[in-house]
Amino acid sequence: MIFLFTALYAEAKPLIEHWHLKRKEGPIQQFENGEITLTVTGTGPIAAASVGGAVLGKNPRHADDFLISAGICAGLSHQKKGSIVLIHQLIDQNSGRAFYPDIIFTSLKREETLFTGSRVWNRESSVADHGLYDMEGAALFEAGSLFLSPHQMRFLKTVSDTGDTLVTPQEVSGLMKELIPSLEAEIEAMRRQCAKEEEVLIENEEETADLFQASLTMRRQIHQLLLYCTLAGTDWKAVIQQKIKQGLLPAENRSEGKKRLEEIRHELIG
Amino acid sequence: MNSSANFSHIYVESEIRSDPRTEGILARFPDSHVILVQRGSDVFNRPRQSFSAQKKSRSLILARKHGTLFYHGAPVCHSFHASRFFYTTTAVGCLFDCEYCWLKGIYASASLMIFINQEDYFRELEELLKDGSLFLSLSYETDLFAVEELTGHIHAWASFAREHPDLVLEIRTKSSRTDLFRCFENCPNVIVAYTLSPQSVITAFEHHTPSLSKRIQAVRKALAEGCTVRLCLDPLIKVNGWRKEYEALTDTLDQEIDLSRIKDVSIGSYRQSEPYQRRMRKRFPYSAVIQYPYETEDGYCVYSDHREIDQWMRGLLERYMEKEKIFSLEDCE
Ligand code: SF4
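Since the structure is predicted, the reported quantities are computational estimates derived from the model, not experimental observations.

Cut-offs and rules
Residues take numbers from 1 onward in each chain, read along the sequence in its written order. As a convention, the first chain written is A and the first ligand written is 1, with the rest following in written order. Confidence filtering applies because this is a predicted model: local features only for residues at pLDDT of at least 70, side-chain atom pairs given and counted only at 80 or more, and all residues used for totals across whole chains, interfaces and linings. Processing note: side-chain calculations cover all non-hydrogen atoms of the structure and skip hydrogens and water entirely. By convention here, the domain bounds are inherited from an automatic or database domain assignment. The helix and strand labels rest on DSSP assignments: H or I over at least four residues marks a helix, E over at least two residues marks a strand, and numbering proceeds from the N terminus. For a helix, the expected span equals 1.5 Å multiplied by the residue count minus one. Burial classes: relative accessible area under 20% of the type maximum marks a residue as buried, over 50% as exposed, and values in between as partly exposed (1.4 Å probe, protein chains only). Here, a strand pair is defined by DSSP locating no fewer than two bridges between the strands. What counts as an axis is a line fitted to C-alpha atoms, over the stretch in contact for a helix, and the angles between N-to-C directions run from 0 to 180 degrees. Two residues qualify as a contact provided that any one of their heavy atoms is within 4.5 Å of a heavy atom in the partner residue. The term salt bridge refers to a pairing of a side-chain nitrogen on Lys or Arg with a carboxyl oxygen on Asp or Glu at a separation within 4 Å. For the purposes of these results, a polar contact is taken to be a pair of N or O atoms within 3.5 Å, where, inside protein, one atom must be able to donate a hydrogen and its partner to accept one; residues adjacent in sequence count only when each atom of the pair is a side-chain atom.

Looking at the domain arrangement of chain A
In terms of domains, chain A is made up of domain 1 (2–197) and domain 2 (205–269). Each of domain 1 of chain A and domain 2 of chain A was reduced to a C-alpha centroid, and the two centroids are 51 Å apart.

Here is the structure:
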């Protein structure tokens, strides 16, 4: 599942249209299409962390799930309006804590630090004097860290202003529309970054353990032995079949099962 | 330097940003993103990192090492009869990728963290040396040969060892580079310790490391240039037909290397502290060497017949060299 987050509805609107997302029932503003769940958190770090935590905590998580936060921000270092930037460091202005998403694959060249504060940026009171500024990023990362690895989170920003100017909802939606191609490319990069490795399946594990009248501890031992043999390419099934042919398996009782297991272990791993 | 060393992101502690050593390293990677951080450990020790994902593109962390700089050697490491045995880490993380590496049990990060405050190590070590000679192993948590271009640590340690004959330094490596031996001139107390495995083990589990034949060539060159050389047939890994594999390995060593000129050989079958092994099993479900059904003995995961294996290996080597030169873990206790 791709968990997209924006702070404002005006940011979400072009994305909802682009991916044909449908409104989901519930108190949180969410839109989905089966593959993407887009959540509008509301403004500020508390809204971002609580809504982010609620969404990620409720859904079953998989190794190939990832979070992408996309939205506007203030550029504090005279970045051009509409500049698209990937975030490699998020600093919570209130606590001073810093967070680092892993950027393993990306299509973007431009990266910067994002400061997150609980108020609209103010030249006089803010410690942030370079990079970018928003009111949600670091909080969403911190909440997301409870559920996801740093390589499963990505923050993508488009510069809307210099921090002390107002932006209209129409302008916000316009900037987000221009962000869509980069967002699509980053989704692809994240798919690669979070690709699941193929699972190792041990065939007929339960049935095999039953042949030994195995206790729970024996089942764990059998699992580890068969897993190793499968990974090492050792043909454990042939050895079991041979024991069945010789009438040595299934075991009459657990103590005989233990004896057989020891013999088979010896045959398989010496 | 290892060819896979190409860091897209370099995290640098703010306090060392303008240090010339930092500048020197950064100059090698003009295209990398440089991120200033308070503590390198804030990046290295982040929760929930994925080693497997990170190793596809490693990051570099430049830091100053604080706190303990020298650690007492663990009982599962060879001390070679030294009464004072320490190890230290001037870099953590490795450009090589051995599946069985204990770093994968200790740390969740695939990043390479380099500590640049070499002078603090030397200052503290001079204090330790006041209490007598000691044996110091340098590269338990990295392969220093592979990152010498970045760190310059080997050159620095060799100079220090030259001036401190009471110190015996061991630098373990799987590298095949041969251009560093000159810095060990007049340093009989620096031991270059080559980890050698059968090629089948290298291919299966020691990813991005030089082949056996390249390592053997490096050993020969090291001997030719007068280095003190140790061979480490450790960890011995049970692969299919492992006895034949290790017999072939010792035969090859006998044919290719003048073993009489080797200082000594360490042997030892795979062992891993149980908590690390548990973590590695969770992190690397697809690794045969990690998923092997080891037995737990005194808090370590070992082969059930590890004593016999070590004895067998010792017997094998005794065909080629004096037994006094062969060290197994039991000899070191
Ligand atoms: S060379 Fe040594 S430190 Fe590097 S990965 Fe292999 S075992 Fe670990």
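Looking at helix α5 (residues 118–129) of chain B
In this model α5(B) runs 16 Å from its N-terminal to its C-terminal C-alpha over 12 residues, within 8% of the 16 Å that 1.5 Å per residue would give. B:Gln118, B:Asp120, B:Tyr121, B:Phe122, B:Leu125, B:Leu128 and B:Leu129 are the residues of α5(B) that are buried.

Things to note about the sheet that holds strand β16 (residues 295–297) of chain B
Residue and element names in this part refer to chain B. Here we have three strands laid out as an open sheet, ordered β15-β17-β16, and antiparallel in their pairing. If you trace the sheet from one side to the other, it starts and ends with β15 (271–273) and β16, each paired once. In this sheet, neighbouring strand axes are inclined to one another by 35 degrees on average, regardless of whether the strands run parallel or antiparallel. Looking at chain direction, β15 and strand β17 (residues 300–302) are connected through three bridges and run antiparallel.

Focus: the pairing of strand β8 (residues 111–116) of chain A
Residue and element names in this part refer to chain A. Within β8, six of the six residues are buried, leaving the element largely enclosed by the surrounding structure. Pairing of strand β6 (residues 84–92) with β8, which is carried by six bridges, proceeds in the parallel orientation. Residue pairing across strands places isoleucine 91 opposite phenylalanine 115, the latter belonging to β8. Inspection of the sheet shows β8 paired to strand β9 (residues 132–134) by three bridges, in the parallel sense. Residue pairing across strands places leucine 114 opposite leucine 132, the latter belonging to β9.

Overview of the sheet that holds strand β2 (residues 33–37) of chain B
Residues and elements named next belong to chain B. Strand order in the open sheet formed by five strands is β2-β1-β3-β8-β6, with mixed pairing between adjacent strands. Taken across any chain shown, the strands that pair with only one partner, and hence form the sheet edges, are β2 and β6 (91–92). Two strands pair when backbone bridges link them, and strand β1 (residues 9–13) and β2 are joined in this way by five bridges, in the parallel orientation. Residue valine 12 lies in a different strand from β2, and its bridge partner there is leucine 36. The strands touched by helix α1 (residues 20–27) within the sheet are β1, β2 and β3 (60–63), with β3 carrying the most contacts at an inclination of about 165 degrees.

A closer look at the interface of chain A and chain B
Accessible area lost on assembly of the parts is the figure often given for the size of an interface. At the interface, 33 residues of chain A touch 32 residues of chain B. Here chain A and chain B share two salt bridges between them. In this structure, the connection of chain A to chain B is made through 13 residue pairs in polar contact (both at pLDDT 80 or more). Looking at the side of chain A that touches chain B, the elements that each hand over two or more residues are β6, α4 (169–193), α6 (216–232) and α8 (254–269) of chain A. With six residues, α6(A) is the single largest residue contributor to the side of chain A that touches chain B.

With respect to the environment of A:His223
Residues and elements named next belong to chain A. Topologically, histidine 223 is positioned in helix α6. Exposure remark for histidine 223: the relative accessible area of 30% places this residue in the partly exposed category. Separated by 17 residues in the primary sequence, histidine 223 and glutamate 206 have C-alpha atoms spaced 9.0 Å apart. Once you skip the residues sitting within four places of it in the chain, histidine 223 turns out to touch Ile202 and Glu205. Here glutamate 205 takes part through its side chain, which lies 2.9 Å from a polar atom of the side chain of histidine 223.

Section: the pattern of salt bridges
All names here are of chain A. Across all of its chains, the model carries 40 salt bridges over all chains by this definition. Measuring nitrogen to oxygen at the nearest pair gives 2.9 Å for the salt bridge that ties aspartate 134 to lysine 157. In this pair, aspartate 134 is assigned in strand β9 and lysine 157 in strand β10 (residues 153–161), connecting sequence segments 23 residues apart. Judged by relative accessible area, which is 5%, aspartate 134 ranks as buried. Residue classification places lysine 157 among the buried residues on the basis of a relative accessible area of 3%. Ionic pairing is found between aspartate 210 and arginine 219, a salt bridge with its closest N-O pair at 2.7 Å. With a relative accessible area of 44%, aspartate 210 lands in the partly exposed category.

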